[in-house]
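Inside the fold
Residues per chain are reported as follows:
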Amino acid sequence: PSRDLRYDGVFIDVENDVRGHIRGNRLFRMWGTVRNVSKHVRRENALKGEIVFLQGVLAALPDPVLVLDRSGRVVFANMAAEALFEAPAERLCQTAFAELLETEGPLERLFADAQVSMVSTARAPFLAQVLLPGGRITVEGTAQTFDLSAETMLAVCLRHLPRTVERGVWQRAIAEAR
């Protein structure tokens, strides 16, 4: 779009569609339309502002957040996730979920549990271990599914467990498994 001065002195955003008829290397006739797209430009700018706001909110969250597709590919990681996994978001988005976290069950179970919890308001937390080159860190996670462009995605929020809680939780989990 370009800016144009309307007949009443107000600047508007317009799109021009101009065509020409050329005969013998000369412009014979020219015609076109001018369309006011100010409403669309205002909406686009408002949406850009909302996107910047939401990106700021996600970046400011103190808990790591990962968004996964059905195949387990990370499609988004916030700054807290970058700090937890000691890797930039770009690298996390090239990594499979199973290479980042070890969970009690397969990814399909997380998707299924998250979809069931959409019906109820309670989200059952799950335990996982962050797989780092220097060792493992135990985290508690919650997950929720959502649709994005007709594809079901899984938002996973992780919370680091203090060492004392971590030992007790894992000892109970091992005892229950026996």
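Everything below is about the structure shown above.
Everything in this summary refers to the structure shown in the same document. Note on numbering: residues in each chain are counted from 1, in written sequence order. At least 70 in pLDDT is required for a residue's local features to be given in this predicted model, at least 80 for side-chain atom pairs to be given and counted, and no such filter applies to totals for whole chains, interfaces and linings, which use all residues. Values shown for side chains rest on all heavy atoms present in the structure; no hydrogens or waters enter the calculation.

Of the regular secondary structure elements, the chain holds six helices and nine strands. Partly exposed residues are those whose accessible area sits between 20% and 50% of the maximum for their type, while under 20% is buried and over 50% is exposed, using a 1.4 Å probe and protein chains only. Sorting the 178 residues of the chain into buried and exposed places 31% on the buried side. A sequence separation of at least 24 residues applies to 39% of the contacts in the chain between residues at least 6 apart. With residues, only the protein chains shown are counted as cover, and all accessible areas are computed by Shrake-Rupley using a 1.4 Å probe. For the chain, the exposed area adds up to about 12300 Å²; of that, 56% sits on carbon and sulfur atoms. Runs of H or I in DSSP of at least four residues are treated as helices and runs of E of at least two as strands, each being numbered from the N terminus. The contact definition used throughout considers only heavy atoms, calling two residues in contact when any of these lie within 4.5 Å.

Once that is clear, we can look at the pattern of salt bridges. Any carboxyl oxygen of Asp or Glu within 4 Å of a side-chain nitrogen of Lys or Arg constitutes a salt bridge here. Enumeration according to the criterion identifies nine salt bridges in this entry. A salt bridge links R159 to D63; the shortest N-O distance between them is 2.4 Å. Taken together, the positions of R159 in strand β9 (residues 151-160) and D63 in the loop between α1 (38-60) and β4 (65-68) put the pair 96 residues apart, joining distant regions of the chain.

Position of R70 among the secondary structure elements: in the loop between β4 and β5 (74-77). For the pair formed by R70 and M153, sequence separation is 83 residues and the distance between their alpha carbons is 6.5 Å. Those residues in contact with R70, other than ones at most four positions away along the chain, are L107, F111, Q115, E151 and T152.

With that settled, consider the pairing of strand β1 (residues 2-5). As defined by bridge partners, β1 adjoins strand β2 (residues 11-23) across four bridges and the pair is classed as antiparallel. Its bridge partner lying in β2, D4 is registered against I12. Pairs of strands are assigned from DSSP output, requiring at least two bridges between the strands. Adjacent in sequence and paired antiparallel, β1 and β2 are bridged by five residues, among which G9 carries a positive phi angle near 90 degrees.

What the six strands build is an open sheet, ordered β5-β4-β9-β8-β7-β6; its pairing is antiparallel. The open sheet has two free edges, formed respectively by β5 and β6 (101-103), since each of these has just one partner strand. The sheet shows a mean angle of 35 degrees between the axes of neighbouring strands, taken without regard to direction. Sheet analysis places strand β8 (residues 135-148) next to β9, joined by 10 bridges and oriented antiparallel. The partner of T142 across the bridge, within β9, is C157. Here an angle of 0 to 180 degrees is reported between the N-to-C directions of two axes, which are lines fitted to C-alpha atoms, with helices fitted over the stretch in contact.

Relative to β5, β4 is paired through three bridges, and the arrangement is antiparallel. What sits directly across from L68, in β5, is V74. Two successive antiparallel strands, β4 and β5, enclose a turn made up of five residues, where G72 displays a positive phi of approximately 95 degrees.

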